[in-house]
Amino acid sequence: MKVLKFGGTSVGSVASLRNVKKIVEGCNEPVVVVVSALGGITDKLLKTASLASSGDSTYIQSMEEIVARHHQVVEELIPEGGQRQRLIERMDAMFVELRSIFHGVSLIRDLSEKTSNTIVSYGERLSSDICSVLIDGAVLHDSRNFVKTVRKQGKNLLAQEESYLLIEAEFAELGRSEQVCLIPGFISRDLHSGEVTNLGRGGSDYTASIVAAALEARCLEIWTDVDGFMTADPRIISNAYTIDTLTYHEAMELCNFGAKVVYPPTIYPACAKDIPILIKNTFRPEVKGTVISNSQQSSSRAIKGISSISNTSIITIAGLSMVGVIGVNKRIFSCLADNGVSVFLVSQASSENNTSIGVKDVDGELACQVLNDEFAKEIQTGAMFPMSIQRNLATIAVVGENMKKTPGVSGKLYGALGRNGISVIACAQGASETNISFVVEGLWLRKALNVIHDNFFLSEYQEINLFLCGIGTVGGSLIEQIASQQETLKKRRNLKINVVGIANSRHAIYDRAGLSLEGYEERLKNSEPSNIQKYKEEIISMNIYNSVFVDCTASKDVADIYYDLLDHNINVVAANKIAASSDYDNYKLLKATAQKRGVKYLFETNVGAGLPIINTINSLRNSGDHILKIEAVLSGTLNYIFNTISKDIPFSKTVQMAKEEGYSEPDPRIDLCGMDVVRKLVILSRESGYKMSQEDVEKHLFVPDEFFAGSLEDFWKNLPQLDAEFETRRQKLEAEGKCWRFVAKLEDGKGSVELREIPQGHSFYKLEGSNNIILLTTDRYRQYPMLIQGFGAGAAVTAAGVFGDIMNIANV
């Protein structure tokens, strides 16, 4: 036989009650069915009692709502006839009793525990009577006759031995004359006084487990409104999923730390008799659910699930007198127990000079007060310090039997939290290694849960969350590339890329769950006005895990927010060269902050667009090589101009073509002045280990300074004045079999840029279109320098390089 328990939501509506009927009548073996009160009725009874005890006459209306709710259920569920009439008569008799009790409470303005227990018992008594009529062949049994409690330490505790004997006798006919026995959960009687008691909120689960253990059932089924135990709270982690199997120990740990699928005491009676517990969804009975048993299934995952408790406080008891003194902890916990304060976490330093305990926020003040009273003499003499309390915290438990077989779980856990800027206030782990518990600031709870879920591969996909800034040619191309690759990366790499923010200079849009990239331009255009400071503040306040800020602008204002983002553990990927080529101290600060916070500041596309130049330099240096010399053509724009200039295409026309093709900046003077190349050389020099600033670079430019003064319109008007001179020089160059290249050079720690005449046979001579080329001379590559060559400009390749940096952060 087996025991089935249906909770309040499972018996909360006519539709769900019909599901209960179908499930029970579909069983092909004897069953005991335990039911809770109709959904919300227990709370309604307590509220009505409270109104009555305060003398509020609206308790009468509240009582009539309870009556109407039950009558409505019966009228919609039970066909007309004698059975329905008799059920209504029994219910009405109970309602008469309940009205009388409420009336008495309102007269004396007092609500004792005894009276309260009696009042709430009517919820299960009514629902079980309804279900016994609804389910064909069900026989109603009153659990008050066989579930007995005894009073200890102010609580009603199960009288196990007596209850088990009574249960065996009560259900002697199960499987013979009775195939379906139906009982109310939660309610019980005191073994000695006979007063109505209960097993506590959630006690219907416990009732079912007690009956299953006493009858040595084949299994215990808990029918509820979820598919089973989830890897985490699905309200916080959208991709949490059902856990197929748990051990009793794992289930108990998750229950004790906030997973409300099963009332925690439920697990012990079933575990003691080795009875599997199956968690099923009344509304989706076809779903497999979660099986809780002694059997531990092999799994590659170290942890099974994550649970948490919000609104917690940490109290620290500290003092030098605690060191080596026997009995201090006894005084702490005896004092708290005597005052009804429950402690769910204990963390003690090995030096014994402080102990931290976790309690609920509502118990925090009382705990501090009674502990200060307990240690008043020691505090007065200075041997101990007054109790300190930290409020508004959250406690998280990571649970899994496999943790004890997997080295490095704690390191991975705390490392992942640290990289995301989450500080652990206190932690505790038993020698069983089944549960690692730790405390964080309450505002970090969502982020912490997501970080753990993602890093321990409990999520179906690893997630990375992008905040994009700039939707021009590079930014727009990046969004297109992300949109085209999102599904592919899910399937091939189990990586989910969420674009959670998009901004330009005037507007910004956000969505924590991920923005749809279809039609984003229109939504951005119609969004609320914004600016880069507001965007930064929103990114930080959203506090999303695995977040990356992607800068596809050329704005100094945007570059100026990198430090704040890195300091809040937000990765930065920059196509923008301004920060990496800025003041040397600022560059070092950004690099140091990223390293300190365990995040990444990547800017591969600052030089060579999508070419792996900076990564190569870093790899060489990290492996012990030294960069001795760099010679490079780093401006795709200038290379395009000098490859395009000819007898038929004058210099001014090539500049115009570079702009139209998207190779140059909207203002080509930025490229022609050579500062773009200077910045790139500075960045390469710094990444090669040299301290260099833009002012240190020797510049030999090819466009006179006066062309950079005035407006952009003046520039375009005056530029053809240079065509004749360039054509004369070009003809001479052509006759000598040479070409122009604007070359950046680092040698002996000094940098220079100049327009150089390159002869045939040189590596730079056959550099086509907008390609870039770089020669790296190192200790290892001294005789034959390393050569890197390819497209060095263009929105698509630059966006691809940015995408590569994003993938680097995702570690895919």
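Read on for a plain summary of the structure.

The rules behind the values
- Residues numbered from 1 in each chain as written.
- Predicted model: local features only at pLDDT ≥ 70, side-chain atom pairs only at ≥ 80, totals over all residues.
- Heavy atoms only, no water.
- Pairing = 2+ DSSP bridges.
- Helix = DSSP H or I, 4+ residues; strand = E, 2+ residues; numbered from the N terminus.
- Axes fitted to C-alpha atoms, helices over the stretch in contact; angles between N-to-C directions.
- Contact = heavy atoms within 4.5 Å.
- Salt bridge = Lys/Arg side-chain N within 4 Å of Asp/Glu carboxyl O.
- 1 Å grid on protein atoms, 1.4 Å probe; cavity = no way out; pocket = protein on both sides within 12 Å on 5 of 7 lines; lining within 4 Å.
- Points joined across faces, edges and corners; volume = space filled by probe spheres on them.
- Nonpolar A, V, L, I, M, F, W, Y, C, P; charged D, E, K, R; others polar.
- Buried < 20%, exposed > 50% of the residue type's maximum accessible area, 1.4 Å probe, protein only.
- Polar contact = N/O pair within 3.5 Å; in protein donor to acceptor, adjacent residues only side chain to side chain.

1. A look at the sheet that holds strand β7 (residues 187-190)
Working step 1: The four strands are arranged β5-β4-β7-β8 in an open sheet whose pairing can be described as mixed. Every other strand in the sheet has two partners, leaving β5 (155-158) and β8 (196-198) as the edge strands with one partner each. Averaged over all pairs of adjacent strands, the angle between their axes in this sheet comes to 55 degrees, without regard to strand direction.
Working step 2: Where β7 and β8 come together, three bridges link them in antiparallel fashion. Looking at the pairing, Ser 188 lines up with Thr 197 of β8.
Working step 3: Across the face of the sheet, helix α5 (residues 113-134) comes into contact with β4 (148-152), β5, β7 and β8 while running at roughly 75 degrees to β8.

2. A word on the pattern of salt bridges
Working step 1: As enumerated under the stated definition, the model contains 40 salt bridges in all.
Working step 2: Residue Asp 129 is joined to Arg 90 by a salt bridge in which the shortest nitrogen-to-oxygen separation is 2.9 Å. Of this pair, Asp 129 sits in helix α5 while Arg 90 sits in helix α4 (residues 82-108), placing them 39 residues apart in sequence.
Working step 3: Beyond isolated ion pairs, a larger network of salt bridges with shared partners links Lys 629, Glu 631, Lys 745, Glu 747, Glu 754 and Arg 756.

3. So, the layout of surface pockets
Working step 1: Size it by volume and the second largest pocket reaches roughly 1,000 Å³.
Working step 2: Every residue lining the second largest pocket is counted, 42 residues in all, and those nearest its centre are Val 474, Cys 552, Thr 553, Ala 554 and Glu 665.
Working step 3: When grouped by side-chain class, the residues that make up the lining of the second largest pocket number 15 nonpolar, 20 polar and seven charged.

4. Digging into the side chain of Thr 282
Working step 1: Within the secondary structure layout, Thr 282 lies in the loop between β11 (277-281) and β12 (290-293).
Working step 2: A residue is classified by how much of its surface remains accessible, and Thr 282, at 0% relative accessible area, is buried.
Working step 3: A polar atom in the side chain of Thr 282 sits 2.6 Å from the side chain of Ser 10.
Working step 4: Thr 282 has contacts with Phe 6, Ser 10, Ser 16, Asn 19, Val 20, Ile 23, Trp 223 and Thr 224, leaving out every residue within four places of it along the chain.

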